[in-house]
There are 2 protein chains.
Amino acid sequence: MYRSHTCGELRASQIGETVTLAGWVAKARVMGSMAFVDIRDRYGVTQLAFNENYSKELLEKAATLGREFVIQAIGKVAERSAKNANMETGDIEIVVEELTILNESKTPPFTIETETDGGDDIRMQYRYLDLRRDVVRKNLEMRHNLAQSIRGYLSAQQFLEVETPVLIKSTPEGARDFVVPSRLNKGQWYALPQSPQTFKQLLMVSGFDRYFQIVKCFRDEDLRADRQPEFTQIDCEMSFVEREDIIQTFEGMMKQLFKDVKGIEFDAFPRMTYADAMKFYGSDKPDIRFGMPFVELKSPGGVDLTSGKGFVVFDNAEAVIGVCATGASGYTRKQIDALTDYVKRPQIGATGLIYCRVEADGSLKSSVDKFYDAEALLQWQKAMKAQPGDLMLILAGGLEKTRKQLNELRLLVGSELGLRNAGEFKPLWVVDFPLLEWDEDHNRFHAMHHPFTSPLPEDRNLMQSDPGQVRANAYDLVINGVEIGGGSIRIFDKKLQSEMFDLLGFTKEEAQYQFGFLMNAFEYGAPPHGGLALGFDRLCSMFGGSDSIRDFIAFPKNNSGRDVMIDAPSILSAAQLKDLEL
Amino acid sequence: MYRSHTCGELRASQIGETVTLAGWVAKARVMGSMAFVDIRDRYGVTQLAFNENYSKELLEKAATLGREFVIQAIGKVAERSAKNANMETGDIEIVVEELTILNESKTPPFTIETETDGGDDIRMQYRYLDLRRDVVRKNLEMRHNLAQSIRGYLSAQQFLEVETPVLIKSTPEGARDFVVPSRLNKGQWYALPQSPQTFKQLLMVSGFDRYFQIVKCFRDEDLRADRQPEFTQIDCEMSFVEREDIIQTFEGMMKQLFKDVKGIEFDAFPRMTYADAMKFYGSDKPDIRFGMPFVELKSPGGVDLTSGKGFVVFDNAEAVIGVCATGASGYTRKQIDALTDYVKRPQIGATGLIYCRVEADGSLKSSVDKFYDAEALLQWQKAMKAQPGDLMLILAGGLEKTRKQLNELRLLVGSELGLRNAGEFKPLWVVDFPLLEWDEDHNRFHAMHHPFTSPLPEDRNLMQSDPGQVRANAYDLVINGVEIGGGSIRIFDKKLQSEMFDLLGFTKEEAQYQFGFLMNAFEYGAPPHGGLALGFDRLCSMFGGSDSIRDFIAFPKNNSGRDVMIDAPSILSAAQLKDLEL
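Every value quoted in this text rests on a predicted model; they were computed, and no experiment measured them.

Participant: Looking at this model, I keep getting lost on the overall build of chain A. Mind explaining?
Facilitator: When its secondary structure is counted, chain A shows 16 helices and 22 strands. Its C-alpha atoms give chain A principal-axis dimensions of about 95 × 75 × 50 Å. Between the mean site of the 68 positive side-chain charges and the mean site of the 84 negative ones, chain A shows a separation of 2 Å.

What follows is the structure, given as structure tokens:
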């Protein structure tokens, strides 16, 4: 060992002991006859002291130390004259008796500090130096702790971690696979798994009863910001369970994680149907850290508080929906214009934004006063339960589009009003998703989750008569408006599975080719089962109060799928290509 | 939940309780007015009882149950009239009041029992049924327990588990990479990692101090029996350590694993130099469950107890080496002929086998009595410390080849004499490997471990003058003659690394192209570091007392790299190939 102690552990109680530390030079200050060097490792920082009176030679050596040099120092722990309450080791320093430079360092391209001067690109290129920064390393320490806590909880609940293969078979359904040419089986390819879905279902057929795995998955998608071609899932499956069992099990896990890692305790997580989530938040992953639920002023087959007043936009609209921004009546014209511009951006696509202020005296002032008198506006106010000081924001158009647009507006205003605090956590189960979604382009149904998701038992009879109305026995876990995971009770009955494939437009041959081994397995006694998968990268960033998953991955790829540090992907040698006969 | 209890937990203390069980029909016996059905799940087997007097209808239903049907039974726990001491639940049975068939099953292609009638091929094709067998599932349960125990130990020792990327850069050095075409970076490829070696070293540069990962690795090699294209490593690295620290840390881990999983406690593991391992066992992974060390009767620069007696084979041989098989003087002529045939097989390549019996009366009887008189043979006996009843087995030829051949013979005879018990564990550290090995074909040195392995400090000065004699600061962990893992103290000094690349015949450009990012990282303050990687599949099979790693992998591939269950690899669709522009 090059050290007797780490750089984070010495305290006043050790004063007088001779110790050996090793680490990196974080800071070196030479002042005439004295020098102070901060030595850093993963565990902390300790001050090394040099004094001309003690040793001129050592002082001179200390003066040669550059930032990030790797050094070893032997010396006595001494009380510091000027204590530093901000440092855990701030009561002491080491009076150095022996100094060894273990390795030198070039000057790093950016400062190794919490607040660095390095931009994103340079930090990614020198990721090994970026990882030396406390703030990044702490993210990965938390990731380790989360993984340990998850494994501990699930193991105690009799789950077995089983490794499923990485070199598997390509299935054209779903997202695009990464593929791997086989040299031993010429002309044939493996695929990297998008998830271990079929394997975990096979393990249930095998009687494993409770399975989990923290596992890398791969999707060759066009990358959007903060999406990685390789990502990590917490993948789980249970047998002989119903939806409630799965929800209880993983709610229990999340509670333990919050307790272990954040010290926060929770009551039962609230639940919301997909229908309500769309109706009240315009999203299947509502952020419920704040209120501002949607209020329909006009909806198909519902209320109508807007028609017949000559305002053509509302008259022609399928739906008119508002949110009440609490205490936002003080929004200036300029602020409201900015909101209008925001919802009119092509990505959101609203045609305009109507507002109505409830002034402090209770009077109402709207952008459509020309059409709606005080009495009409009062109806809106009542419907939206707006109080003096509130601001009603209203969008109109097709039902589905308007909900989507208003969701974006609600989130923006929530952020502006400071209602979306990264340190506050509001988990929510969203349940009763539709089983199928209609694909206009291909004129067919798609499975909203995947083809193995079962319908709610009470909707089973609609499978033939009205498949679009069938709700799935599926559930998503949403925290702070972010989908952390989801799952379903699976189909374990051959007849139902075959109906499902029919609805999805699979021929018998296609179903057999793609899922044959699973279908065959189901012939040999498949138990009722269901499961769930959580995005581990996303979970880590959520626990870390960050929007960026990249900060929680040791060696992430950029938006072009490149690792700029190792410069991958890269060109293969001719010999490699020849071996593969490509 | 479809059950109130598992099939393994009911005991006499629960007699009288009404319970619900769910599981698979393991066995059904209908005898006139009664029926007994064994219901099985992961946790055990419970007997269900049906009786005509209680319910004729239920009895009839029970009679329809086939093997592996999935059923749910509600009933009362009752004392069994004929108790079964071999079953944990053997004191009780369930008098069934309600029986539900959850799923039917075709008759499985082989019996789901510890001793199955299924051959290897059919069991691999129906792996999901093979996994239903107790004996296979228990292997994977042990694998889970080992992984949990490893993670617990290392986490307690401040190791952080960090996930390193799977889509990395191809390096032509070493074994063949599996490669993945990049769609977003046309003409470029990722490679799957053969090990996270460079990433773990980068993490040391990053100051992570202690890293581990239980991680999938990939090698596109021509498959030998019991080698898998994807395999799992326990990958570890530590900073500011010397060899002794690493050995102590992982010896501690192994001791805990043996204690946790096998209930066995160990003293300090013995150590052996590579030179001694080769000299005394002809192998760098000696099986020390039994003795029979090599004794040189003639060796270059050493003893010579064989020459000048007219036996040309020995006279012309560089080395004559024997082992003493304790108590084996009773070997028949036929048995000795079989040993001779064994060592003469082309894979071993000896030209013959000489033996010398020490009879019960102390007289010596050899196959070369024509050349060696009693006095000469006595010298051999003394050298080999052979006792009455022992059998000396002797090979001759080139030193290196003879050692290799005698190693095979020693292992065979050890097995025949019952000295290699699968339930006995003898760990051993093999140390001081050569740093380099000479490659006759390419007329250059190869790194015996990898190019980052450092020389022993005391051999540093031989790097220029006599590189072939330099010993590496490397170590292997061997258990029962199986290499479980190995590692080394790494080079962290640029100058030494550059000398090493020179010795390996890398040009500066090649070194920069292949390892540039690591070399660059080493410019910024690399700490002294070292590590170790253990083969997890092998570790599991060793703990399970089996030679086959396949039995400890949930979904293994066959010797052609195929997964016969899912039928992978397979042909890609034209659309997929078009996307990749291949």
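After that view of the structure, there is still more to cover.
Participant: Explanation requested: the relation of the copies chain A and chain B in the structure shown.
Facilitator: Here the two chain copies are tied together by a rotation about an axis and a shift along that axis. Rotating chain A by 180 degrees about the axis while translating it 0.0 Å along that axis superimposes it on chain B, leaving an RMSD of 0.1 Å. Here the copies are linked by what is in effect a two-fold axis. Taking C-alpha positions as reference, the residue of chain A nearest the rotation axis is Val180 of chain A, located at 2.5 Å. Here 100% of the interface residues in chain A have copies in chain B that are interface residues too; the copies meet face to matching face.

Participant: What is the right way to look at the side chain of Gln201 of chain A in this model?
Facilitator: Residues and elements named next belong to chain A. With respect to the secondary-structure elements, Gln201 resides in helix H5 (residues 197-205). Here Gln201 falls in the buried class, since its relative accessible area comes to 0%. Polar contacts involving the side chain of Gln201 include one to the side chain of Gln197, which spans 2.9 Å. Ignoring sequence-local partners within four residues, the contact set of Gln201 consists of Glu237, His450, Phe452, Arg490, Leu518, Phe522 and His529.

Participant: Mind showing me how you'd approach the domain arrangement of chain A here?
Facilitator: One frequent convention defines the size of an interface as the accessible area lost when the parts assemble. On domain assignment, one finds that chain A holds domain 1 (12-103), domain 2 (136-271 + 426-553) and domain 3 (290-416). For domain 2 of chain A versus domain 3 of chain A, the separation of C-alpha centres amounts to 38 Å.

Participant: When you look at the interface of chain A and chain B in this model, what are you seeing that I'm missing?
Facilitator: Contact residues are listed per partner, giving 116 residues for chain A and 117 residues for chain B. Taken over both partners, the interface formed by chain A and chain B buries close to 10,500 Å², and the fraction arising from carbon and sulfur atoms is 58%. Scanning the region where chain A abuts chain B turns up 12 salt bridges. Asp579 of chain A is the salt-bridge partner of Arg176 of chain B, the closest N and O atoms lying 2.9 Å from each other. With nine residues, helix H4 (residues 134-156) of chain A is the single largest residue contributor to the side of chain A that touches chain B. Looking at the side of chain A that touches chain B residue by residue, the classes come out as 61 nonpolar, 24 polar and 31 charged.

Participant: Looking at this structure, how should I read the sheet that holds strand E17 (residues 427-431) of chain A?
Facilitator: All names here are of chain A. Ordered in space as E6-E9-E10-E22-E21-E20-E17-E11, the eight strands form an open sheet in which the pairing is mixed. The open sheet has two edge strands, strand E6 (160-161) and strand E11 (271-273), and neither has a second partner. Of the pairings in the sheet, the one linking E11 to E17 comprises three bridges and is parallel in character. Bridge pairing in E17 places Thr273 opposite Val431. Contacting E6, strand E9 (210-218) and strand E10 (230-239), H4 runs over the sheet at an angle of about 150 degrees to E9. Where helix H6 (residues 243-262) meets the sheet, it contacts E10, E11, E17, strand E20 (474-479), strand E21 (482-489) and strand E22 (529-535), and its direction lies at approximately 15 degrees from that of E20.

Participant: Explain the pattern of salt bridges to me, please; I cannot follow it from the model alone.
Facilitator: Once the charged atoms of two side chains with opposite charge are near each other, the side chains can pair. Tallied over the full model, the rule gives 89 salt bridges over all chains. Between Arg137 of chain B and Glu141 of chain B there is a salt bridge whose closest N-O contact spans 3.1 Å. Placement of the pair is Arg137 of chain B and Glu141 of chain B together in helix H4 (residues 134-156), with a separation of four residues, close to one helical turn. A relative accessible area of 18% means that Glu141 of chain B is categorised as buried. Residues joined by salt bridges that share partners form a network here, namely Asp120, Arg123, Arg127, Asp130, Arg133 and Arg550 of chain A.

Participant: When you look at the packing of H5 of chain A against helix H14 (residues 508-521) of chain A in this model, what are you seeing that I'm missing?
Facilitator: For any two helices packed against each other, one specifies the inter-axial angle together with the distance between the axes. All names here are of chain A. The geometry of H5 relative to H14 is characterised by a closest axis approach of 10 Å and an angle of 15 degrees between their N-to-C directions. Relative to H14, H5 is oriented roughly parallel. The crossing of H5 and H14 is left-handed. Where H5 approaches H14, its residues Thr198, Gln201, Leu202 and Val205 are matched on the opposing element by Phe517, Leu518 and Ala521. Among the residues making up the contact of H5 with H14, the classes are represented as five nonpolar, two polar and no charged.

Participant: Explain the side chain of Ser454 of chain A to me, please; I cannot follow it from the model alone.
Facilitator: Here Ser454 of chain A is to be found in the loop between strand E19 (444-447) and helix H12 (462-465). Here the side chain of Ser454 of chain A touches Ile489 of chain A through a polar contact of 2.9 Å, landing on its backbone oxygen.

Participant: How should the pairing of E21 of chain A be read in this particular structure?
Facilitator: The side chains of a regular strand alternate, residue by residue, between the two faces of the sheet. Residues and elements named next belong to chain A. Judged by how many residues are buried, E21 sits mostly within the fold: six of eight residues are covered. The sheet contact formed by E20 and E21 spans six bridges and is antiparallel. By the bridge assignment, Tyr475 is partnered in E21 with Gly487. The loop that links E20 with its antiparallel partner E21 comprises two residues; one of these, Asn480, has a positive phi angle of about 55 degrees. Across five bridges, the pairing between E21 and E22 is antiparallel. Bridge pairing in E22 places Gly485 opposite Leu534.

Participant: Please clarify how the confidence of the model for chain A should be interpreted in this entry.
Facilitator: Fine structural detail should not be taken from predicted coordinates in areas where pLDDT scores are low. The share of residues in chain A with pLDDT of 70 or more is 100%, and the mean pLDDT across the chain is 94. Across the predicted assembly, pTM comes out at 0.95 and ipTM at 0.94.

Participant: Just to check I follow, could you spell out the environment of Ala474 of chain B for this structure?
Facilitator: Residue and element names in this part refer to chain B. Within the fold, Ala474 resides in strand E20 (residues 474-479). Exposure remark for Ala474: the relative accessible area of 0% places this residue in the buried category. Measuring from C-alpha to C-alpha, the distance between Ala474 and Ser367 comes to 42 Å, with 107 residues separating the pair along the chain.

Participant: Honestly, the sheet that holds strand E13 (residues 319-325) of chain A in this entry has me stumped. Any pointers?
Facilitator: Within a sheet, each strand pairs with its neighbour through backbone hydrogen bonds, oriented either parallel or antiparallel. Residue and element names in this part refer to chain A. The strand order across the open sheet built from five strands is E12-E13-E16-E14-E15, with neighbouring strands paired in antiparallel fashion. What marks the edges here is a single partner per strand, and that holds for strand E12 (295-298) and strand E15 (364-366). For this sheet, the mean inter-axis angle between neighbouring strands, taken without regard to orientation, is 25 degrees. With three bridges joining them, strand E14 (residues 354-358) and E15 adopt antiparallel strand pairing. When the bridges of E15 are listed, Cys356 appears paired with Ser366.

Participant: Please explain the packing of aromatic side chains as it appears in this structure.
Facilitator: Here the distance between the centres and the angle between the planes together describe a pair of aromatic rings. In this structure the tally under the stated criterion is 48 aromatic pairs over all chains. Between Tyr274 of chain A and Phe433 of chain A the ring centres are 5.2 Å apart and the planes differ by 40 degrees, which places this aromatic pair in the tilted class. Highlighted residues: Tyr274 of chain A in helix H7 (residues 274-281) and Phe433 of chain A in the loop between E17 and strand E18 (436-439), separated in sequence by 159 residues. The class of Phe433 of chain A is buried, set by a relative accessible area of 1%. The ring of Phe280 of chain B is capped by Lys279 of chain B, whose NZ or CZ atom sits 6.0 Å from the centre of that ring.

Participant: Looking at this structure, I do not really get the environment of Tyr331 of chain A. What am I missing?
Facilitator: All names here are of chain A. Relative to the helices and strands, Tyr331 is located in the loop between E13 and helix H9 (333-344). Setting aside residues no more than four positions away along its own chain, Tyr331 makes contact with Ile336, Leu339, Arg357, Leu391, Val413, Glu416 and Leu417. Among the polar contacts made by the side chain of Tyr331, one reaches the side chain of Glu416 at a distance of 2.3 Å.

Participant: Would you explain the environment of Asp567 of chain A in this entry?
Facilitator: Position of Asp567 of chain A among the secondary structure elements: in the loop between helix H15 (536-543) and helix H16 (574-580). Judged by relative accessible area, which is 41%, Asp567 of chain A ranks as partly exposed. Distance in space between the C-alpha atoms of Asp567 of chain A and Gln125 of chain A is 8.9 Å, their sequence separation being 442 residues. Dropping the residues within four chain positions of it, Asp567 of chain A is found in contact with Arg562 of chain A together with Lys169 of chain B.

Participant: Quick question: what am I supposed to make of helix H9 (residues 333-344) of chain B here?
Facilitator: An α-helical turn contains 3.6 residues, so a residue and the one three or four places further along point in the same direction. All names here are of chain B. Between its terminal C-alpha atoms H9 stretches 16 Å, which fits the 16 Å expected from 12 residues at 1.5 Å a residue. For H9, the complete set of buried residues consists of Ile336, Leu339, Thr340, Tyr342 and Val343. One side of H9 holds all its buried residues, which, seen down the axis, span an arc of 160 degrees. Turned more than 90 degrees away from the buried face of H9 sit Arg333, Lys334 and Asp341, all of them exposed. Residues of H9 that are buried in the fold lie against strand E14 (354-358), strand E16 (391-397) and helix H11 (399-416).

Each value, and the rule that gives it
Residues numbered from 1 in each chain as written. Chains lettered and ligands numbered in written order. Predicted model: local features only at pLDDT ≥ 70, side-chain atom pairs only at ≥ 80, totals over all residues. Heavy atoms only, no water. Helix = DSSP H or I, 4+ residues; strand = E, 2+ residues; numbered from the N terminus. Lys, Arg positive; Asp, Glu negative; His and termini not counted. Charge placed at Lys NZ, Arg CZ, Asp CG, Glu CD. Least-squares fit on C-alpha atoms with pLDDT ≥ 70 in both. Contact = heavy atoms within 4.5 Å. Buried < 20%, exposed > 50% of the residue type's maximum accessible area, 1.4 Å probe, protein only. Polar contact = N/O pair within 3.5 Å; in protein donor to acceptor, adjacent residues only side chain to side chain. Domains from an automatic or database assignment. Buried area = accessible area lost by both parts, 1.4 Å probe. Salt bridge = Lys/Arg side-chain N within 4 Å of Asp/Glu carboxyl O. Nonpolar A, V, L, I, M, F, W, Y, C, P; charged D, E, K, R; others polar. Pairing = 2+ DSSP bridges. Axes fitted to C-alpha atoms, helices over the stretch in contact; angles between N-to-C directions. Parallel < 35°, antiparallel > 145°, perpendicular 65-115°, else oblique. Left-handed = near helix turned anticlockwise from the far one by under 90°. pLDDT = per-residue confidence, 0-100. Phe/Tyr/Trp six-rings, centres within 6.5 Å; stacked < 30°, edge-to-face > 60°. Lys NZ or Arg CZ within 6 Å of the ring centre and 35° of its normal. Expected span 1.5 Å × (residues − 1). Arc of directions from axis to C-beta.

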